[in-house]
4 protein chains.
Amino acid sequence: MIFFNCDYTEGAHPAILERLSATNMEQTIGYGMDDHCKHAAELIKKECNNEKIDVHFLVGGTQTNVTVIDAALKPYQGVICAASGHINVHETGAVEASGHKCITIPSMDGKIYEPEIREILSNHYANGGDEHMAQPKMVYISNPTEYGTIYSKAELEGLYALCKEYGVYLFLDGARLGYGLASKENDLTLEIIAQNTDVFYIGGTKVGALFGEAVVISHDDIKPDFRYNIKQHGGMLAKGRLLGVQFETLFESGLYYEISAHAMHMTEIIRDKLTCLGVKFFVQSPTNQLFVILSNTAIAQLSTNYKLEIMDKVDAEHTVVRICTSWATKEENVTAFLADVERALS
Amino acid sequence: MIFFNCDYTEGAHPAILERLSATNMEQTIGYGMDDHCKHAAELIKKECNNEKIDVHFLVGGTQTNVTVIDAALKPYQGVICAASGHINVHETGAVEASGHKCITIPSMDGKIYEPEIREILSNHYANGGDEHMAQPKMVYISNPTEYGTIYSKAELEGLYALCKEYGVYLFLDGARLGYGLASKENDLTLEIIAQNTDVFYIGGTKVGALFGEAVVISHDDIKPDFRYNIKQHGGMLAKGRLLGVQFETLFESGLYYEISAHAMHMTEIIRDKLTCLGVKFFVQSPTNQLFVILSNTAIAQLSTNYKLEIMDKVDAEHTVVRICTSWATKEENVTAFLADVERALS
Amino acid sequence: MIFFNCDYTEGAHPAILERLSATNMEQTIGYGMDDHCKHAAELIKKECNNEKIDVHFLVGGTQTNVTVIDAALKPYQGVICAASGHINVHETGAVEASGHKCITIPSMDGKIYEPEIREILSNHYANGGDEHMAQPKMVYISNPTEYGTIYSKAELEGLYALCKEYGVYLFLDGARLGYGLASKENDLTLEIIAQNTDVFYIGGTKVGALFGEAVVISHDDIKPDFRYNIKQHGGMLAKGRLLGVQFETLFESGLYYEISAHAMHMTEIIRDKLTCLGVKFFVQSPTNQLFVILSNTAIAQLSTNYKLEIMDKVDAEHTVVRICTSWATKEENVTAFLADVERALS
Amino acid sequence: MIFFNCDYTEGAHPAILERLSATNMEQTIGYGMDDHCKHAAELIKKECNNEKIDVHFLVGGTQTNVTVIDAALKPYQGVICAASGHINVHETGAVEASGHKCITIPSMDGKIYEPEIREILSNHYANGGDEHMAQPKMVYISNPTEYGTIYSKAELEGLYALCKEYGVYLFLDGARLGYGLASKENDLTLEIIAQNTDVFYIGGTKVGALFGEAVVISHDDIKPDFRYNIKQHGGMLAKGRLLGVQFETLFESGLYYEISAHAMHMTEIIRDKLTCLGVKFFVQSPTNQLFVILSNTAIAQLSTNYKLEIMDKVDAEHTVVRICTSWATKEENVTAFLADVERALS
């Protein structure tokens, strides 16, 4: 059985495991105050070309989203997001459990756009704010989104300008950021993202690490006491250096980009072949998640050897499946899979 | 200036004020454990023809909604409601502040229907539940809804059967319940509602009381320790007898129904005349809130003498306004208003 | 049966009921934006001799405590209070339910003092703060306290200076403030309190109103968006003018002070007589709550005609009981009670 | 610099790193549903000699404490614990952030005992419960405690019987459980603990793992939907198998006990020598944390080569320091340290 269902089916890139072994017997202080974390933070600041940002390391995505949102918002404030956004759908109400409302915008492609966001903001703040409603104080986007789509530099700059206009925060969830940056369609960099968001994070869990997300804070109001928020939300790893060591490895000599480029290369092979085979895509994703429409019989046939993520039904006989690649995807498996797809479709 | 904007512009029905005066110097124990509260609860049990229900008195609507939802749900559980529902729109994220997600269904008329609810429930529970999503464990409806619409007996029974099928609670917000029961289209009674919900409340604030909502609990799982929930949510009035006295007055000899009938009579007069004048209704409401589409110039003209609730824009020149009646609406004001509307439209 | 167990056994001072009746049919906008609330706020500002304070009206004490604390604190911040403080003991964990830790100081008399508070603050902030602990960011005191004791002007100024030194808020719960101000030992005024706290409130529920607490905010950081907090915590009364009307009545011509003086006069009579009779006091309270130690047989005998609040056991044969007076206490009842106490003790 | 300040200064036991490497390229499903987690759970069930318990794996201690407490309690319920307990002191108010009050008992040795617990429970439940107070519904203990002390079998059975008597849960925090079980004074086993608690956990972070805590649930009311709680609290690791692999390694052939025995052996050497040197102990700890009183000059001298945890001041010239051993403590370092202590004291 070969897994194409998601991008976190293996452990970590071998370089990370090696580094964990090499540093294993070092004695360090805990909770992310060690030299590895400091070094990793320096590497990320360099990558963002910005010394003024704060960098923190957390373990997982839900935890990171909740910690950032709860750190930034007051109890009566909510966060604008796509109805399909991870925080709205797949976090078991964790944002609400920390007290904040997700103010949703319907989305077909996982992205949200200026007009709908502006409408919410202008309606709320028209007369200085309506205290009978949750106050929209943050815009949450993910890049890539749940549907693998990405924002352009122009779009991100537009959203950030809108947020500044209304005094709300822009937060970018980068759980799969590496794959976004490696997309052919991408014109963002970490530096541009750091300039055009108030806070974002660089995903490690899905991009080569055992686990870990690096939060980058630009806005001065979100910086103070952020570690209290991490601790309270259960995200402060006792052996914090495990996060530092992993992000050191990813950013010391470009491994993060290398890993992502490999995944995107595997995706390109799959997308090109599926396109040739006439397979229809549910959404045009330029990143490492492909959403394709297959007949149920083809899916059944493929499922004996391959694990795919079953998404929504299209009609009685067709279903959307997600096909993911990652740093760990082997070209030989891709080749075998595509041959089997061809067989299943013929 | 005459107010038609909402149904809580005056104080209380005179009979209530009189009773508060008459009982003012009685010494009672606090927090709703006094004889007036006991008596009022007995009256409501009789009205529901059900001795097994629990009755509690709270001060206001937001407080009541949050207390009931938080008492019934576990932290990871959410409540299904109309996107236009009061808990989703007009409670400043109070439900989320107590940790629970509102799982929304788009609605044009304020009501939600079996197919959309069933889809959410069947999707979630298909394989025993998906722990990555908030667990839908309650259905919230209001009757009348935010748009003045009401549920029929058949609809309520259908929703309750669906809820029982999936083991979720049905909660009916009756902030304006009196006006719903007094509607010509209504075929519900308090008894039927008590039989076909797990918990509901009888609104006093908008139906003749100074304030107060009477919660009726049928489901045994929501009953235990409910007073702890009231207290924790700040809803336990020190001089609880004020609530008991008010609901005694409302239910001792049918004042609640009488009040509501008066309001509906005033509404009928308004609706009939507006219909004659060719005014369009944004939604067909059979209760005490009318949502009518007027030209902005007519609205401007009327606004010198009347306070109306300005709702959404229809187009550049037309807007929806809400016209409410209540126990306190005077027929002479209705007559004057309708004459002025006629002038404004001609 | 005559009640001396607490100070909220009757309804409201007759002047308040009269004013509610007189204004009953006025049509006003809701939620505390009406002219009565504006006027009442002006009266309180005048009383505090301070135009820069913000004044808000809420319904009850638990609600008020939670709303103020939650408005002022970030999620990881806690509030220092006496272990016996109302927020720590008698609010069913409402402060914790809004996410904040009560950081307690043992107290014999209900008060907390500078040394213990300073120890907590200096320990925490010694090295810029310890993110593994809840951050103490507010000091909560009540005046009078749970044991009827009060703070002097010098003490309050000392606490406020300490709070300013550490950048934490000072919050004074004045649920029984009237009785504190009317005490012979008191040297505080509303003006002094407003100058030496960041936020406090003037209790109405226990001092002549049907219900209601007037929050006075001095610190600029707590002012913005305070109404969102009120609404979210279920404290925004639809017919907000009921609060305005009550506080207008209390502060228009000194009724608040008059009521309190009457209660203190009644208390003095009780205290003097009990002292003559050799009754021991559990704590020396200069306000309207007396905590006296009586034999269980005396308590049993008195309980046939009087309701007293049974507090803690002293030993197998003695118990502390609370005796309260209020605006509504009748001198004839006091006389009868004291005669019966004398009989019970002889 | 050699670290004796805590028991999580290194990475993981080498056997764990090896196993992570060996399994690194396996493809598994995520979130703890993989075969390694299943196998690890089976091993723990066998160790507890109980097939009916549920076993879950979480990342860290704060997260685990909060998840368990929030899963077990209703919003108005609180948890009884030592004032010195980890949940009360060192989790940045995380328990309160999830809405629950810590109801504290002063403790000199980190333990809580039946009389004080019984007093809280009997006071609260005397008349069926007092809804003005947080309802005590769980007793939290840790073993070893914050001061390294442990509970005997008889004590644990006594506490559990008390909890059953009042219908409250007994929760044992075993972050350092291995060192407790390896103590010479210990007469507990995992089986006995599983029989005499409703829920407990086996700490990995401090006992040889990179991270990870294994929760064992005995009480049927805490079992349902526990994974929703994990997910909502951000504790569901995407690559859950990392936890399974680590606990497999720890429990497959007794590594957990072996590690703990080593640490205790190192502690015995230190304790014996310090006792010979006349060093005073702040508390008698039979586990891997020693709390010793040293002169400030001795501490200063030792601090050039050794990292010790500085605890509380005893007087102007003496301070309590914590000395910890772990699976990773090297005997040669212990020898060197003790020689240096001897020098510092002479």
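Structure shown above.
Everything quoted here is computed from the prediction, not taken from an experiment.

1. A short note on the packing of helix α6 (residues 114-125) of chain D against helix α7 (residues 153-166) of chain D
Residue and element names in this part refer to chain D.
Here is step 1: Between α6 and α7, whose axes approach to 11 Å, the crossing angle comes to 0°. Viewed along their axes, α6 and α7 adopt a mutual orientation that is roughly parallel. Here Glu-114, Ile-117, Arg-118, Leu-121, Ser-122 and Tyr-125 of α6 lie close against α7, whose contacting residues are Gly-158, Leu-159, Leu-162, Glu-165 and Tyr-166.
Here is step 2: Residues belonging to the contact of α6 with α7 are distributed by class as follows: 6 nonpolar, 2 polar and 3 charged.

2. Notes on the relation of the copies chain B and chain D
Here is step 1: Mapping chain B onto chain D is achieved by rotating through 180° and translating by 0.0 Å along the same axis, at an RMSD of 0.0 Å. Look at the turn and shift together and you get a two-fold axis relating the two. Identified as the residue of chain B closest to the rotation axis by C-alpha distance is B:Lys74, at 3.7 Å.
Here is step 2: Counting the interface residues of chain B, we find that 95% of their copies in chain D are interface residues as well, pointing to one common contact surface.

3. Some words on the packing of aromatic side chains
Residues and elements named next belong to chain A.
Here is step 1: Applying the stated criterion to the full structure yields 58 aromatic pairs over all chains.
Here is step 2: Pairing Tyr-256 with Tyr-257 gives two aromatic rings, centres 6.2 Å apart and planes at 80°, and the pair type is edge-to-face.
Here is step 3: Overall, Tyr-256 belongs to the buried group, its relative accessible area being 0%.
Here is step 4: A residue is classified by how much of its surface remains accessible, and Tyr-257, at 32% relative accessible area, is partly exposed.

4. Quick notes on the interface of chain A and chain D
Here is step 1: Listed as interface residues are 45 residues of chain A and, on the opposing side, 45 residues of chain D.
Here is step 2: Buried area between chain A and chain D, summed over both chains or domains, comes out near 3900 Å², and the portion from carbon and sulfur atoms is 58%.
Here is step 3: Remark: the boundary between chain A and chain D carries 0 salt bridges.
Here is step 4: In this structure, the connection of chain A to chain D is made through 30 residue pairs in polar contact (both at pLDDT 80 or more).
Here is step 5: Elements with a minimum of two residues in the side of chain A that touches chain D: β1 (2-3), α1 (14-22), α3 (61-72), α5 (94-97), α10 (226-232) and α11 (241-252) of chain A.
Here is step 6: Across the side of chain A that touches chain D, the residue classes tally to 22 nonpolar, 15 polar and 8 charged.

5. Some remarks on the environment of D:Leu277
Residue and element names in this part refer to chain D.
Here is step 1: Mapped onto the fold, Leu-277 is located in the loop between α12 (255-276) and β9 (280-281).
Here is step 2: Residue Leu-277 is classed as partly exposed on the basis of its relative accessible area of 26%.
Here is step 3: Separated by 64 residues in sequence, Leu-277 and Glu-213 have C-alpha atoms that sit 37 Å apart.
Here is step 4: Setting aside chain neighbours within four positions, we find Leu-277 in contact with Val-341, Glu-342 and Leu-345.

6. Overview of the interface of chain B and chain D
Here is step 1: With 21 residues of chain B in contact, the opposing surface of chain D contributes 20 residues.
Here is step 2: Summed over both partners, the interface of chain B with chain D comes to about 1800 Å²; 51% of that surface belongs to carbon and sulfur atoms.
Here is step 3: Summed over the three residues of chain B that lose the most area to chain D, namely B:Tyr76, B:Glu131 and B:Tyr228, the buried surface amounts to 43% of that side.
Here is step 4: Summed over the shared surface of chain B and chain D, the number is 2 salt bridges.
Here is step 5: For B:Arg227, the salt bridge identified is with D:Glu131, shortest N-O distance 2.5 Å.

The rules behind the values
Residues numbered from 1 in each chain as written. Chains lettered and ligands numbered in written order. Predicted model: local features only at pLDDT ≥ 70, side-chain atom pairs only at ≥ 80, totals over all residues. Heavy atoms only, no water. Axes fitted to C-alpha atoms, helices over the stretch in contact; angles between N-to-C directions. Helix = DSSP H or I, 4+ residues; strand = E, 2+ residues; numbered from the N terminus. Parallel < 35°, antiparallel > 145°, perpendicular 65-115°, else oblique. Contact = heavy atoms within 4.5 Å. Nonpolar A, V, L, I, M, F, W, Y, C, P; charged D, E, K, R; others polar. Least-squares fit on C-alpha atoms with pLDDT ≥ 70 in both. Phe/Tyr/Trp six-rings, centres within 6.5 Å; stacked < 30°, edge-to-face > 60°. Buried < 20%, exposed > 50% of the residue type's maximum accessible area, 1.4 Å probe, protein only. Buried area = accessible area lost by both parts, 1.4 Å probe. Salt bridge = Lys/Arg side-chain N within 4 Å of Asp/Glu carboxyl O. Polar contact = N/O pair within 3.5 Å; in protein donor to acceptor, adjacent residues only side chain to side chain.

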